[in-house]
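Notes for the structure review
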Amino acid sequence: MWLRAHRFGSVWWGSAIIVTFYTYIGGMWAISVTDFFQSIVTILGLIVLAIVLGTKAGGVANVINQVPEQNFKFFPDGNAREIIGWIAAWSVLGLGSLPSQDVFQRAMSSRNANVAVRSCYIAAVIYLVIAMLPLFISLCTKYLYPDLAGDAQLALPSMVMQHTGLAVQVLFFGSLMSAIMSTTSSAILAPAAILAENLIRPLSKRTYTDQQMLSLTRLSVLIFAVVATIMACLRSNIYELVGESSILSLVSLFVPLVFGLYWKRASSVGAVLSIIGGGGAWFIFVNVKLSVPELVPSTIVSVIGMIAGSLLFPEKEKVSPI
């Protein structure tokens with residue numbers, strides 16, 4: 001057990017060093033290039049694994065027929081509590097991902113507006129199609145090993161190690177590492193750019209050269225890389241970490257983004273109150289037993305903070321010189 005934990009720890013730190021290195025050196029260009037190849041490896045690995053497991057399970061139709069009918073229920077029942085939970089579940093990734101800085105970085109890095117728009121649509125279609133593969137692989141795993149116990153996160157890797165050949169193992173773990181590294185690099189660069197460009201630069205009230213901003217952003221990359229690595233070592237459930245990051249984005253950033261785009265009276269004070277209020281409320285409600293998901297009241301607090309702050313502290317109109 002100690003040896004396995006030691007190996008996983010070495011993999012975590014090794015991956016952190018590699019991702020930090022190419023993000024520090026190449027920035028958005030390095031992430032775009034590596035994400036392109038990592039995505040190909042990820043998709044290829046999922047396709048091969050789905051074919052291998054689907055064949056062992058007797059085909060797609062056989063696997064689908066073994067799934068309980070209630071698992072395919074798309075809409076919730078009529079009671080209010082289940083409807084709220086259903087909307088909240090869709091909102092976590094559907095709305096929580098919209099304010100993500102890495103989305104804007106990719107859009108702004110496109111050649112032109114048309115490329116950015118088309119890329120978003122193509123990515124959405126690929127996202128929906130490729131996302132079906134992990135679901136099918138999980139169903140195959142459940143069908144082949146219905147009594148599999150232990151950590152759910154290790155169920156699929158353990159099965160791949162025990163019941164597939166070396167080529168499939170290499171492809172699977174290569175695609176897994178590619179997906180993790182792709183997500184990690186974007187998660188590091190996005191807050192680093194915000195810290196350097198949107199916080200330090202305006203608050204310091206001084207003029208920076210391009211070289212100084214590059215150095216400042218690189219320093220921010222190192223800071224967030226260390227923080228992210230420490231968080232990954234302290235937490236063991238990747239699913240919970242990803243879910244919490246999307247929830248925090250939803251309750252603190254989604255409301256200022258929407259109101260800033262579509263409400264003319266939105267102000268900076270309102271945005272700050274919305275961010276602090278929504279994020280703070282979520283940290284409080286997550287430790288309180290509620291009948292609804294914590295993100296629901298937290299988002300309401302964020303909306304109240306945005307409206308109240310904008311009405312009480314309106315944006316001052318700049319007077320143009322005559």
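Quick caveat: nothing in here was measured; it's all calculated off a predicted structure.

**Thoughts on the pattern of salt bridges**
The final tally for this structure, using the stated rule, is one salt bridge. The salt bridge involving glutamate 197 is made with arginine 201; its shortest N-O contact spans 3.0 Å. One end of the pair, glutamate 197, and the other, arginine 201, are both in helix H8 (residues 166-204), four residues apart, so they sit about a helical turn from each other. What makes arginine 201 partly exposed here is its relative accessible area of 31%.

**Structural notes on the packing of helix H11 (residues 268-285) against helix H12 (residues 295-312)**
Two numbers describe how H11 lies on H12: the axes approach to 7 Å, and their chain directions differ by 160°. In terms of axis orientation, H11 runs roughly antiparallel to H12. Taken as a pair, H11 and H12 cross one another with a handedness that is right-handed. Contacts between H11 and H12 involve Val269, Gly270, Ala271, Leu273, Ser274, Gly277, Gly278, Ala281, Trp282 and Phe285 on the former and, on the latter, Leu295, Pro297, Ser298, Val301, Ser302, Gly305, Met306, Gly309 and Ser310. Among the residues making up the contact of H11 with H12, the classes are represented as ten nonpolar, nine polar and no charged.

**Observations concerning the side chain of serine 252**
When you line up the elements, serine 252 lands in helix H10 (residues 238-262). Not counting chain neighbours up to four residues away, the residues in contact with serine 252 comprise Ser274, Ile275 and Gly279.

**A short note on the confidence of the model for the protein chain**
Looking at the protein chain, pLDDT values average 80 and 89% of them are 70 or higher. Here helix H7 (residues 152-163) stands out as the least confident element of the protein chain, with mean pLDDT 70; H12 is the most confident, with 93. Below a pLDDT of 50 lies the segment residues 1-8, which in the model reaches zero contacts outside its immediate sequence neighbourhood of four places, other chains included.

**Side note on helix H3 (residues 80-94)**
Here H3 contains 15 residues, and its C-alpha end-to-end distance of 21 Å stays within 8% of the 21 Å for a straight helix at 1.5 Å per residue. Ala88, Ser91 and Val92 are the residues of H3 that are buried. Take H3 and look down its axis: the buried residues cluster within an arc of 105°, on one side only.

**Section: a nonpolar patch on the surface**
A cluster of nonpolar side chains, namely Trp29, Val33, Phe36, Phe37 and Ile40, defines an oily patch on the protein surface of about 580 Å² accessible area. Structurally, valine 33 is set in helix H1 (residues 2-56).

**Quick notes on the packing of aromatic side chains**
Under the counting rule described, the total for this entry stands at four aromatic pairs. Positioned over the ring face of tyrosine 208 is arginine 206, at 4.5 Å from the centre of the ring.

**Focus on H11**
In this model, H11 (18 residues) spans 25 Å end to end at C-alpha, consistent with the 26 Å of a helix rising 1.5 Å per residue. Looking only at H11, the buried set comprises Gly270, Ala271, Ser274, Gly278, Gly279, Ala281 and Trp282. Each buried residue of H11 sits inside an arc of 160° when the element is viewed along its axis, so together they form one side. Across from the buried face of H11, at angles greater than 90 degrees, the exposed residues are Ile276 and Ile284.

**Thoughts on the nonpolar core**
Leu49, Leu53, Ile137 and Cys140 are the most contacted members of the largest nonpolar core, which totals 15 residues. For this core, the secondary-structure elements that each account for two or more residues are H1, helix H6 (132-144), H7 and H8. Residues contacting leucine 49, with those up to four places away along its chain left out, are Ile137, Leu156, Val160, Val168 and Phe172. Counting residues in hydrophobic clusters, the runner-up holds eleven residues, among them Tyr22, Leu189, Ala192 and Ala225.

**Section: the environment of serine 97**
Assignment of secondary structure puts serine 97 in the loop between H3 and helix H4 (101-108). Serine 97 sits 156 residues away from leucine 253 along the chain, and the two C-alpha atoms are 9.7 Å apart. With residues up to four places along the chain from it excluded, the contact list for serine 97 reads Val92 and Val103.

The rules we used
Residues numbered from 1 in each chain as written. Predicted model: local features only at pLDDT ≥ 70, side-chain atom pairs only at ≥ 80, totals over all residues. Heavy atoms only, no water. Salt bridge = Lys/Arg side-chain N within 4 Å of Asp/Glu carboxyl O. Helix = DSSP H or I, 4+ residues; strand = E, 2+ residues; numbered from the N terminus. Buried < 20%, exposed > 50% of the residue type's maximum accessible area, 1.4 Å probe, protein only. Axes fitted to C-alpha atoms, helices over the stretch in contact; angles between N-to-C directions. Parallel < 35°, antiparallel > 145°, perpendicular 65-115°, else oblique. Left-handed = near helix turned anticlockwise from the far one by under 90°. Contact = heavy atoms within 4.5 Å. Nonpolar A, V, L, I, M, F, W, Y, C, P; charged D, E, K, R; others polar. pLDDT = per-residue confidence, 0-100. Expected span 1.5 Å × (residues − 1). Arc of directions from axis to C-beta. Patch = residues over 30% accessible without salt bridge, like charges linked within 9 Å, V, L, I, M, F, W, Y side chains within 5 Å. Areas by Shrake-Rupley, 256 points an atom, 1.4 Å probe, with all protein chains shown as cover. Phe/Tyr/Trp six-rings, centres within 6.5 Å; stacked < 30°, edge-to-face > 60°. Lys NZ or Arg CZ within 6 Å of the ring centre and 35° of its normal. Core = buried A, V, L, I, M, F, W, Y, C linked by side-chain atoms within 4.5 Å.

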